[in-house]
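# Structure assessment
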Amino acid sequence: MRLAVLKERRPAETRVAATPETVKKFIGLGCSVAVEAGAGLASGIPDADYAAAGAEVAADPAAALQGANIVLKIRAPLAAGEGEVDELALIPRGALLLGQLQADEKAAAAYAQAGIDAGAMELLPRITRAQSMDILSSQANLAGYRAVIEAAGAFDRGFPMLMTAAGTISAANVFVMGAGVAGLQAIATARRLGGRVSATDVRPAAKEEIKSLGATYVGYESEESKQAQTAGGYAKQLSAEFYAEQAKVVAAHIAKQDIVVTTALVQGRKAPQLVTEAMVQSMKPGSVIVDIAADAGGNVALTKPGEMVVTENGVKILGWHNWPGRISGASSSLFARNLLTLLTTFWDKEAKAPKLPAEDEIVRGVMLTRGGAVVHPSFQAAKAA
Ligand code: NAD
């Protein structure tokens, strides 16, 4: 088995899908590994470290992909016209591709046509057995941490209450909106820094989790929100009436906050808008909002994806792209381990090759295409052209 790791070429992408640690493990499984030169640089991993782990450092994507049976990526390979290299065309037919492919019908059809067995890691079922392979969790966790660190950096005061000989500085009020994986880590991080933390979510289970981390729960609850969680653990889209009531509670609370971290997502939809322009205007100058949901459309009306906005009333809104990518060393390391765990779970030791049983829940959840056909139930309409 030859396994290839490419340098990520999409904008704002700093991560890499394998580390020297995972390369060593793949070699231990019987693979040979090719890593494109420069692949790890933006995550602080020089080529020499991959070479020391036993990988061949390939000069370009074509050399890395030549003869590859397994291709590991963070993001979907570039297709024709998407960038300087048509990565998709360089992946050999029959290869297994794994990454956060942001799959849709068109992409599934293209993989089928190219004869690539594509696995979209973002579609991994969120079951206990799959937790150690869950890229959404590993990356959201780090995004939540990083968001608070960047908020603290952009804030012109401190998080903890500081009692000094020159007087006392009060603790920062930190409000976390959305208490899933990213939000819970944001709460924990803000608490560790000494902030006075409150949080909101629509899922009833989140209320207890917020409290168990020592934060105050703030929110609107109704008969509707009792049913706000899907069987998969995600938030449902709720009615306009619910969002209007929620906004009233949030508006009263937000005016007193120094830091707001927004992480709210509704699967398969644009991120809900939770912070209106009027709410931002009610905040004090110097306050900071970090919108982790910026790439999904943003939770804040004034977010500009990829930018920091400073409003007329002096509120900074950080809407950077790719929050996990802003802590690339750690996020690459966890992403790479997620991929390694999936492959070791489905590894035929005798054949020294992946063995992906079609009926397995994880395999069924992840695999878009196999043997030139679209196999994922969500994309069945997409046929290989
Ligand atoms: P997510 O990224 O889809 O959304 C982030 C948070 O935003 C969620 O908590 C959601 O409820 C919240 N949200 C949505 N609309 C909102 C609104 N209007 N106001 C406030 N908050 C809003 O979620 P996630 O972080 O991926 O986690 C979702 C759930 O899945 C959690 O219960 C988590 O514990 C669970 N989970 C389970 C596993 C597993 O068992 N393998 C793995 C990861 C996550």
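Residues numbered from 1 in each chain as written. Predicted model: local features only at pLDDT ≥ 70, side-chain atom pairs only at ≥ 80, totals over all residues. Heavy atoms only, no water.

## A look at the nonpolar core
- Counting 38 residues, the largest nonpolar core has Val 23, Phe 26, Val 33, Val 35, Leu 72, Leu 98 and Leu 342 as its most contacted members.
- Residue assignment for this core shows that the elements contributing at least two residues are strand S1 (2–5), helix H1 (20–28), strand S2 (32–36), strand S4 (70–75), strand S5 (96–100), helix H12 (328–345) and helix H13 (361–366).
- If one sorts the elements of this core by residue count, H12 sits on top with 5 residues.
- Setting aside its immediate chain neighbours within four residues, Val 33 contacts Leu 3, Val 23, Phe 26, Ile 27, Ala 55 and Glu 56.
- Membership of the second largest hydrophobic core comes to 30 residues, among which are Ala 143, Ile 187, Ala 215 and Val 288. (Core = buried A, V, L, I, M, F, W, Y, C linked by side-chain atoms within 4.5 Å. Buried < 20%, exposed > 50% of the residue type's maximum accessible area, 1.4 Å probe, protein only. Helix = DSSP H or I, 4+ residues; strand = E, 2+ residues; numbered from the N terminus. Contact = heavy atoms within 4.5 Å.)

## Some details on the site of the ligand
- Near the ligand, the surroundings consist of 23 residues, among which Arg 126, Val 181, Asp 201, Arg 203 and Gln 246 are the closest.
- At a separation of 2.6 Å, an oxygen atom of the ligand approaches a polar side-chain atom of Asp 201.
- With respect to the ligand, the side chain of Gln 246 contributes an N or O atom lying 2.8 Å from a nitrogen atom.
- Relative to its unbound accessible area of 840 Å², the ligand is 87% covered by the protein chains.
- A per-class count over the shell around the ligand returns 12 nonpolar, 7 polar and 4 charged. (Near = heavy atom within 4 Å. Polar contact = N/O pair within 3.5 Å; in protein donor to acceptor, adjacent residues only side chain to side chain. Areas by Shrake-Rupley, 256 points an atom, 1.4 Å probe, with all protein chains shown as cover. Nonpolar A, V, L, I, M, F, W, Y, C, P; charged D, E, K, R; others polar.)

## Considerations on the side chain of Asp 201
- Relative to the elements of secondary structure, Asp 201 occurs in the loop between strand S10 (196–200) and helix H8 (204–212).
- Reaching out from Asp 201, the side chain makes a polar contact with the backbone nitrogen of Ala 179 at a distance of 2.6 Å.
- Among the polar contacts listed, one links the side chain of Asp 201 to the backbone nitrogen of Arg 203, at a separation of 3.0 Å.
- Every residue in contact with Asp 201, bar those within four places of it in the chain, is listed here: Gly 178, Ala 179, Gly 180, Ala 206, Ile 210 and Tyr 217.

## Remarks on the pairing of S5
- In terms of burial, S5 is a largely internal element, 5 of the 5 residues being buried.
- Relative to strand S6 (residues 117–120), S5 is paired through 4 bridges, and the arrangement is parallel. Along S6, the bridge assignment pairs Leu 98 with Gly 119.
- On the question of chirality, the crossover connecting S5 to the parallel S6 by way of helix H5 (residues 105–114) is right-handed. (Pairing = 2+ DSSP bridges. Right-handed = clockwise from strand over helix to strand, strands pointing away.)

## Some words on helix H7 (residues 181–192)
- Along its 12 residues, H7 runs 17 Å from first to last C-alpha, staying within 8% of the 16 Å computed at 1.5 Å per residue.
- All buried positions along H7 are accounted for by Ala 182, Gly 183, Leu 184, Gln 185, Ala 186, Ile 187, Ala 188, Thr 189 and Ala 190.
- Packing partners of the buried residues in H7 comprise helix H6 (135–154), strand S9 (173–177), S10, H8 and strand S12 (259–262).
- Phi turns positive one or two residues past the end of H7, at Gly 194, with a value near 100°. (Expected span 1.5 Å × (residues − 1).)

## As for the sheet that holds S9
- The mixed open sheet is built from 7 strands, whose spatial order is S11-S10-S9-S12-S13-S15-S14. One side of each edge strand has no neighbouring strand; the edge strands of this open sheet are strand S11 (216–217) and strand S14 (308–310).
- Pairing of S12 with strand S13 (residues 288–291), which is carried by 4 bridges, proceeds in the parallel orientation. The residue bridging Val 261 from the neighbouring strand is Val 290, located in S13.
- Packed onto the sheet, helix H10 (residues 240–254) meets S9, S10 and S12 and runs at close to 160° relative to S9. (Axes fitted to C-alpha atoms, helices over the stretch in contact; angles between N-to-C directions.)

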